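Secondary and tertiary structure notes
In case you want the letters, here they are:
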Amino acid sequence: MKILVTGYTGQLGHDVVSEGKRNNFKMYGVGSNDLDITVQQEVNRYVEDLNPDAIIHCAAYTAVDKAEDDREACWNVNVEGTKNLAEAAKKVGAKFLYVSTDYVFDGKGEAPFKETDQTNPINYYGLTKYEGEKIVQETLDSFIVRISWVFGLNGKNFIRTMLRLADTNKEVSVVGDQVGSPTYTYDLAKLIIDMIQTEKYGVYHATNEGFCSWAEFAKEIFKQSDKEVNVNVIPTEDFPTPAARPKNSRLSKTKLQENGFTRLPKWQDALSHYLNELKHEVK
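Residues numbered from 1 in each chain as written. Predicted model: local features only at pLDDT ≥ 70, side-chain atom pairs only at ≥ 80, totals over all residues. Heavy atoms only, no water.

As recorded in an unreviewed UniProt entry, the protein goes by the name dTDP-4-dehydrorhamnose reductase, listed as coming from Oceanobacillus caeni. UniProt, in the comment section headed Sequence similarities (unreviewed entry), describes the protein in these words: "Belongs to the dTDP-4-dehydrorhamnose reductase family." Listed under Function (unreviewed entry) in UniProt, the entry text for the protein is "Catalyzes the reduction of dTDP-6-deoxy-L-lyxo-4-hexulose to yield dTDP-L-rhamnose." (UniProt positions renumbered as here; feature names shortened; annotations may be inferred.)

Here it is, written out as structure tokens:
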């Protein structure tokens, strides 16, 4: 199987390529320097020449706060870029998997959002990712995988930030009223490679099992890494950001089970595995 993966320089794209290679697939990872997905002709030419069996679209404009002002760039990547790739995939008969986000929901209530629940993005990034979803669904049979709170070895993330702060601080303030699930790219990549080998198309939610607030996540990071850091739990209102964040990012993953896919490990176990990998990375 020949698979094109966008966003190869990011956390998820990198791990998807690695997992695909472990499965003996021909993996072609591209970053923005290799392929400008916002240029339709360039995408068409690249995809036609490669003629992949599948495209896994991990690339995105993910600077959530910056997107509020830099709307044109965000739209071009998340909407136009996605459109270009989906149309190119259709032309060559390739399967298509689009990585989306919990930010397509407004975060109201406390119940986990189902795949079929009404979307209602409350920031511009979330809006563009939802517009991308719509285009993909209108263009071809596809997989749409919504994820949240991503962490992996190949890039910046919340865990790395907390560990860095722990080097110089004995206490940190972290939001405690936004609840969701961390998603370890190593675990997610396995699921994505399993999924792309099937034709069980549709919208899926895929995060590590269990829910926590950002503050609870921080406490567990310090606990597992033996850092003595006090976490001050603060409300969202005390940490204003240009882009609004959903307070409820809980996602229901029952559809994975219903379609025979293995749900991801508990987020605490994923964190343990990741911290162990970080130790090897330092060495």
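**Quick notes on the sheet that holds strand β5 (residues 143-147)**
Read from one edge of the open sheet, 6 strands run β2-β1-β3-β4-β5-β10, paired in parallel fashion. In the strand order of this sheet, the two ends are held by β2 (26-30) and β10 (202-205), each with one partner. Between one strand axis and the next, the sheet turns by 20 degrees as a mean value, whatever way the strands run. Of the strands in this sheet, β1 (2-6), β2 and β3 (54-57) touch helix α2 (residues 40-50), which is tilted by about 155 degrees from β1. (Pairing = 2+ DSSP bridges. Helix = DSSP H or I, 4+ residues; strand = E, 2+ residues; numbered from the N terminus. Axes fitted to C-alpha atoms, helices over the stretch in contact; angles between N-to-C directions. Contact = heavy atoms within 4.5 Å.)

**Considerations on the packing of helix α5 (residues 158-166) against helix α7 (residues 214-224)**
As a packed pair, α5 and α7 sit with axes 10 Å apart at the nearest point and diverge in direction by 60 degrees. When the interaxial angle is binned, α5 and α7 end up oblique. As for how α5 packs across α7, the hand of that crossing is right-handed. On the side of α5, the interface is formed by F158, I159, M162, L163 and A166, while α7 contributes W214, F217, A218, I221 and F222. (Parallel < 35°, antiparallel > 145°, perpendicular 65-115°, else oblique. Left-handed = near helix turned anticlockwise from the far one by under 90°.)

**Looking at unusual backbone geometry**
Glycine aside, negative phi is the norm for most residues, and most peptide bonds take the trans geometry. Here the phi dihedral of N24 falls at roughly 65 degrees; this positive angle occurs in a residue that is not glycine. Counting through the fold element by element, N24 comes out in the loop between α1 (11-22) and β2. In this structure, W149 takes a positive phi of about 45 degrees despite not being glycine. You can call W149 buried: its relative accessible area is 9%. (Buried < 20%, exposed > 50% of the residue type's maximum accessible area, 1.4 Å probe, protein only.)

**Overview of the pattern of salt bridges**
A full pass over the atoms with the stated rule returns 10 salt bridges. For E133, the salt bridge identified is with R146, shortest N-O distance 2.8 Å. Taken together, the residues E133 in helix α4 (residues 124-139) and R146 in strand β5 connect sequence positions 13 residues apart. The residues E133 and R146 share a single accessibility class, namely buried. K227 is the partner of D167 in a salt bridge, and the nearest nitrogen-oxygen pair spans 3.8 Å. Here D167 is found in the loop between α5 and β7 (171-175), whereas its partner K227 is found in the loop between α7 and β12 (230-234), with 60 residues between them in sequence. Judged by relative accessible area, which is 31%, K227 ranks as partly exposed. (Salt bridge = Lys/Arg side-chain N within 4 Å of Asp/Glu carboxyl O.)

**A closer look at the packing of α1 against helix α6 (residues 185-196)**
Relative to each other, α1 and α6 sit at 55 degrees, their axes nearing to 8 Å. Viewed along their axes, α1 and α6 adopt a mutual orientation that is oblique. Here the hand of the crossing between α1 and α6 comes out right-handed. In this structure, α1 contributes Q11, L12, D15, V16, E19, G20 and R22 to the contact, and α6 contributes T185, Y186, L188, A189, K190, I192 and I193. Of the residues that constitute the contact of α1 with α6, the class distribution is 7 nonpolar, 3 polar and 4 charged. (Nonpolar A, V, L, I, M, F, W, Y, C, P; charged D, E, K, R; others polar.)

**Overview of the pairing of strand β4 (residues 95-101)**
On any regular strand, side chains alternate: one points to one face of the sheet, the next to the other face. By the criterion of burial, β4 is predominantly enclosed, with 7 of the 7 residues buried. Of the two faces of β4, the one lined by K95, L97, V99 and T101 and the one lined by F96, Y98 and S100 are each fully buried. Across 4 bridges, β3 lies against β4 in parallel orientation. Paired with I56 across the two strands is L97, which belongs to β4. Regarding topology, helix α3 (residues 71-92) serves as the crossover connection from β3 to the parallel β4, and that connection is right-handed. Where β4 meets β5, 5 bridges bridge the pair, whose relative direction is parallel. In the sheet register, V99 faces β5, and the bridge partner there is V145. Handedness of the crossover joining β4 and β5 through α4: right-handed. (Right-handed = clockwise from strand over helix to strand, strands pointing away.)

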